[in-house]
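Each chain, written out:
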Amino acid sequence: MMNIFSIFDPSTSMNFSLNWLSLFLLFLFLPLKFWLIPSRLTFSWSILINYMFNEFKILIHYSYSNIILFMSLLLLIFFNNFLGLFPYIFTASSHMNFCLSLSLTLWLSMMSYSILNYINDLFTHLTPQGTPVVLMPFMTIIETISLIIRPFTLAIRLTANMIAGHLLLSLLGSSGQSINNIIMLSIMIFSQILLYSLEIAVSMIQAYVFSILSTLYSSEI
């Protein structure tokens with residue numbers, strides 16, 4: 001490893017990078033739904049999906065069919081975050097290529113639909129109700145900027161959280177080789193277990209935040 005950031009893009013081939021094939025690991029879990037006798041993992045996923053369905057149902061008032069899109073987005077990001085914690089599995093969500101592609105696609109589709117169908121309502125949202133006349137030009141500029149940077153904040157939030165957790169795990173793991181004291185080594189291992197547990201929670205939380213914010217942005221249209 002030439003530097004610590006090379007863990008985020010390990011080279012496999014000069015012509016075709018096989019790292020991004022980790023995105024398709026999600027499909028390995030799909031046949032579990034078709035077992036005759038459901039396993040505990042299937043029951044756990046059913047409970048999680050039902051809970052998330054009730055969460056999205058509160059936020060989406062116009063069409064429940066769009067819940068399928070945001071549920072799929074949640075599961076895709078969570079599986080990429082979670083599976084990236086295992087050894088020798090490439091974490092696609094730690095790259096801006098992956099995160100920005102998701103957020104820009106959602107944002108552009110929402111904005112295109114809003115401009116083509118609800119252009120007056122879109123301009124109405126730029127000036128909140130009750131804004132003084134003097135502050136209207138400034139509020140319009142602020143709301144326009146906040147509207148434009150939404151896909152970038154979504155992508156940067158997800159990428160930065162994934163990079164920070166992986167860097168901490170890599171730093172703690174590489175520093176353990178030079179420790180000879182058994183007490184310090186035990187403390188290091190215990191801290192890594194705690195940090196790994198935190199990263200599992202972060203992988204779920206970031207997928208939840210990304211999908212919930214996308215849902216909130218779509219409900220404003």
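Residues numbered from 1 in each chain as written. Predicted model: local features only at pLDDT ≥ 70, side-chain atom pairs only at ≥ 80, totals over all residues. Heavy atoms only, no water.

An unreviewed UniProt entry annotates the protein chain as ATP synthase subunit a of Solenopsis invicta. UniProt's Sequence similarities (unreviewed entry) comment on the protein chain is quoted here verbatim: "Belongs to the ATPase A chain family." You can read under Subunit (unreviewed entry) in the UniProt record for the protein chain the words "F-type ATPases have 2 components, CF(1) - the catalytic core - and CF(0) - the membrane proton channel. CF(1) has five subunits: alpha(3), beta(3), gamma(1), delta(1), epsilon(1). CF(0) has three main subunits: a, b and c." (UniProt positions renumbered as here; feature names shortened; annotations may be inferred.)

This brings us to the packing of aromatic side chains. The geometry of an aromatic ring pair comes down to the distance between the two centres and the angle between the two planes. Taken as a whole and judged by the stated rule, the model has 5 aromatic pairs. Note on Phe 78 and Phe 79: the rings are 6.0 Å apart at their centroids and 65 degrees apart in plane angle, and the pair reads as edge-to-face. Phe 79 matches Phe 78 in its accessibility class, with the two residues each being buried. (Phe/Tyr/Trp six-rings, centres within 6.5 Å; stacked < 30°, edge-to-face > 60°. Buried < 20%, exposed > 50% of the residue type's maximum accessible area, 1.4 Å probe, protein only.)

With that settled, the discussion passes to the side chain of Asn 81. Within the element layout of this structure, Asn 81 appears in helix 2 (residues 67-83). Reaching out from Asn 81, the side chain makes a polar contact with the side chain of Ser 93 at a distance of 2.4 Å. Setting aside chain neighbours within four positions, we find Asn 81 in contact with Ser 93, Leu 158, Met 162, Ser 203, Gln 206 and Ala 207. (Helix = DSSP H or I, 4+ residues; strand = E, 2+ residues; numbered from the N terminus. Polar contact = N/O pair within 3.5 Å; in protein donor to acceptor, adjacent residues only side chain to side chain. Contact = heavy atoms within 4.5 Å.)

Before going further, it helps to spend a moment on a nonpolar patch on the surface. A grouping of Met 96, Ile 141, Ile 145, Ile 148, Ile 149, Phe 152 and Ile 156 is seen on the molecular surface, where their side chains present a nonpolar patch of about 610 Å² in accessible area. Secondary-structure assignment places Ile 141 in helix 5 (residues 136-148). (Patch = residues over 30% accessible without salt bridge, like charges linked within 9 Å, V, L, I, M, F, W, Y side chains within 5 Å. Areas by Shrake-Rupley, 256 points an atom, 1.4 Å probe, with all protein chains shown as cover. Salt bridge = Lys/Arg side-chain N within 4 Å of Asp/Glu carboxyl O.)

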